[in-house]
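Remarks on the overall topology
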Amino acid sequence: METMYTRGCIIGKLFPPHAGHLHLIRTALAQCKTLDLFFTYTDPSERPPPHLRLEWLSSIFAPELAAGRLRLGCKHDTYDQDDSQLWAQLALDWLREVDDASKTNEGYGPLDAVFTSEAYGDPYSRYLTTLSGRKVHHVSVDRNRVTYPVSGTLVRTRPLHPSLWRADPPDLLDVRVRTYYVLRVVLVGAESAGKTTLAQALARRFETDWVPEAGRDVTQEKLDQGDIASVPVQDTDVGAAAAPTAAWRSADFLDIARLQSLAEEAAAVKAATNRRQVLICDTDALATVVWHERYMMAPHGTPDVDTPAIAQELEAHVNDELNSRRGNVLYVVPSPEGVPLVQDGTRDGDDAVREWMHARFMAVLAQRGERYVEIVAPVSDGGGGWGVREALAVSAVEAEVERLSN
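Here we take up the overall build of the chain. Helices and strands together make up the secondary structure of the chain, namely 14 helices and twelve strands. Along the first, second and third principal axes, the C-alpha set of the chain runs to 90 × 45 × 35 Å. Taken over 406 residues, the chain has a buried fraction of 50%. Residue pairs at least 24 apart in sequence account for 75% of intrachain contacts in the chain once pairs closer than 6 positions are excluded. Accessible area for the chain stands at about 18,500 Å²; split by element, carbon and sulfur atoms hold 51% of it. Where the 42 positive side-chain charges of the chain centre and where its 58 negative ones centre are 8 Å apart.

This part covers empty space enclosed by the protein. Applying the stated criterion to the full structure yields one cavity of 30 Å³ or more. In this structure, the largest cavity encloses a volume near 30 Å³. Considering the residues around the largest cavity, the lining is formed by Leu187, Val188, Gly189, Lys195, Glu213, Thr283, Ala287, Trp291 and Phe361. Along the lines of polarity and charge, the residues of the lining of the largest cavity split into five nonpolar, two polar and two charged.

This part covers the pairing of strand E1 (residues 5–12). The element E1 is extensively covered by neighbouring structure, given that seven of its eight residues are classed as buried. When E1 meets strand E2 (residues 32–41), the two strands line up parallel, connected through seven bridges. Along E2, the bridge assignment pairs Gly8 with Leu35. The pairing of E1 with strand E4 (residues 113–116) spans two bridges and is parallel. Residue Cys9 lies in a different strand from E4, and its bridge partner there is Val114.

A separate point is the sheet that holds E1. What the five strands build is an open sheet, ordered E3-E2-E1-E4-E5; its pairing is parallel. In the strand order of this sheet, the two ends are held by strand E3 (70–76) and strand E5 (137–140), each with one partner. Neighbour-to-neighbour, the strand axes of the sheet open up by a mean angle of 25°, direction not taken into account. Packed on one face of the sheet, helix H2 (residues 50–60) meets E2 and E3 and runs near 160° to E2.

Attention now goes to the packing of helix H8 (residues 195–205) against helix H14 (residues 385–405). In contact at an axis separation of 10 Å, H8 and H14 are set at 55° when each is read in the N-to-C sense. The pairing of H8 with H14 is recorded here as oblique in orientation. Helix-helix and strand crossings are classified by hand; for H8 and H14 the assignment is right-handed. From H8, Leu198, Ala201, Leu202 and Arg205 reach across to H14, where they touch Arg389, Glu390, Ala393, Val394, Val397 and Glu398. Its residues assigned to classes, the contact of H8 with H14 comprises six nonpolar, no polar and four charged.

Here we come to the side chain of Arg184. Structurally, the position occupied by Arg184 is in strand E6 (residues 183–187). Given the relative accessible area of 0%, Arg184 is considered buried. Looking at Arg184, its side chain comes within polar contact range of the main-chain oxygen of Arg325, at 3.3 Å. Filtering out sequence-adjacent residues up to four positions away, Arg184 remains in contact with Thr179, Glu264, Glu265, Ala268, Leu279, Cys281, Arg325, Arg326, Asn328, Val329 and Leu330.

On to the nonpolar core, then. Counting 71 residues, the largest nonpolar core has Val185 and Leu202 as the members making the most contacts within it. The residues touching Val185, leaving out its near neighbours within four places in the chain, are Leu202, Val278, Leu279, Ile280, Cys281, Leu330, Val332 and Val397. Among the nonpolar cores identified, the runner-up in size contains 20 residues, and Ile25, Leu29, Leu70 and Val141 belong to it.

Residues three or four positions apart in an α-helix share a direction because the helix packs 3.6 residues into each turn. With twelve residues, helix H5 (residues 121–132) extends 16 Å from end C-alpha to end C-alpha; this agrees with the ideal 16 Å at 1.5 Å per step. Those residues of H5 lying buried are Gly121, Tyr124, Ser125 and Leu128. The buried residues of H5 occupy an angular sector of 95° when projected down its axis, which confines them to one face. Turned more than 90 degrees away from the buried face of H5, the exposed residues are Arg126 and Thr130. For H5, the elements touching its buried residues are E1, helix H4 (84–101), E4 and E5. Following H5 by one or two positions, Gly133 adopts a phi angle in the positive range, close to 80°.

Tallying each qualifying case throughout the model produces 31 salt bridges. Between Arg325 and Glu55 there is a salt bridge, with its nearest N and O atoms 2.7 Å apart. Linking Arg325 in the loop between helix H12 (307–322) and strand E11 (328–334) with Glu55 in helix H2, this pair joins segments that are 270 residues apart in sequence. Its relative accessible area of 26% is what places Arg325 among the partly exposed residues. Here Arg368 and Glu315 are joined by a salt bridge, their closest N and O atoms 3.3 Å apart. Taken together, the positions of Arg368 in the loop between helix H13 (351–367) and strand E12 (372–375) and Glu315 in helix H12 put the pair 53 residues apart, joining distant regions of the chain. Given a relative accessible area of 30%, Glu315 falls into the partly exposed group.

What counts, and where the lines are drawn
- Residues numbered from 1 in each chain as written.
- Predicted model: local features only at pLDDT ≥ 70, side-chain atom pairs only at ≥ 80, totals over all residues.
- Heavy atoms only, no water.
- Helix = DSSP H or I, 4+ residues; strand = E, 2+ residues; numbered from the N terminus.
- Buried < 20%, exposed > 50% of the residue type's maximum accessible area, 1.4 Å probe, protein only.
- Contact = heavy atoms within 4.5 Å.
- Areas by Shrake-Rupley, 256 points an atom, 1.4 Å probe, with all protein chains shown as cover.
- Lys, Arg positive; Asp, Glu negative; His and termini not counted.
- Charge placed at Lys NZ, Arg CZ, Asp CG, Glu CD.
- 1 Å grid on protein atoms, 1.4 Å probe; cavity = no way out; pocket = protein on both sides within 12 Å on 5 of 7 lines; lining within 4 Å.
- Points joined across faces, edges and corners; volume = space filled by probe spheres on them.
- Nonpolar A, V, L, I, M, F, W, Y, C, P; charged D, E, K, R; others polar.
- Pairing = 2+ DSSP bridges.
- Axes fitted to C-alpha atoms, helices over the stretch in contact; angles between N-to-C directions.
- Parallel < 35°, antiparallel > 145°, perpendicular 65-115°, else oblique.
- Left-handed = near helix turned anticlockwise from the far one by under 90°.
- Polar contact = N/O pair within 3.5 Å; in protein donor to acceptor, adjacent residues only side chain to side chain.
- Core = buried A, V, L, I, M, F, W, Y, C linked by side-chain atoms within 4.5 Å.
- Expected span 1.5 Å × (residues − 1).
- Arc of directions from axis to C-beta.
- Salt bridge = Lys/Arg side-chain N within 4 Å of Asp/Glu carboxyl O.

If you want it as structure tokens, here you go:
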């Protein structure tokens, strides 16, 4: 399409960016030499958060940004949504601000076009014409949502709706956005409560991948290298010698949390690319916070000089880095009640520690307002309870998928 306008402008929430928004932006880029795009937010804590939407847009439109044809801005919106005159003045003010802040404004002449998919576009452009003293055209793009039948409300309230995940065109969500909305089913809890068994079973049931524990590999590496704090005596209640205790340092747990988060995000990208709505995670970084308490804090652990600072860094990692990238999480907490401790060579706790860990996980999840389900079903000597536990977990995940779909 031949370029018609010198400078275009788009203002919108893009909450979150979907195919309709991207179509609007690409249409504007096709018709303008340069384009200013401002997306707005009303609450810094809204999800997906503003910084992540900026990251997505910067990645999707990286070539246009690099070429200088597109500039992105993020603005806090506290204004009357129905006041077109106010929004016209805001647009001109924001354009002036970005011009003043830019090292070069080559190609960014006076505004002569605004692009919207909304009814307010015509009065908005008329106010822009009056306030700027020059004609500002309104270009309406797919106002009836025929080309891309999607809305931000649909994505936010029903992120697992089948229309958002189908392989047939039109593709309504970019893979970056789908990654955010993948349902992460996270198994957490005490030692030897059947977390890994359930994780593998759930992955098979929902035909998806599962993310193993990074901490297990780190533990085994420490034991193999002789980085051991203590070697316990025979535990007659367990029936086999408990595993040696690795020589843990608080910094180890921050490393584990970051490794776990990287593995989870990579798996979520893969799931989103393959249009799998569910990802199974055998622990996560939040669980690492609790394990750090277990080994490095009272009543069962001994702190080192870095423990207070690492505890804060772990919380920051969970709150700022991990959770800001996860739209949907369901925690599954298998209870150790009625499940004997089975030694796998890395477990160094006893039943008292297991009970404390389970209670601590339940408390942390409740305090943080996370969505979680406790799985309670005793396991008989013949293993008959495992099927009940799996059925309960599957039912919980199916209910969450249903909630997020309809």
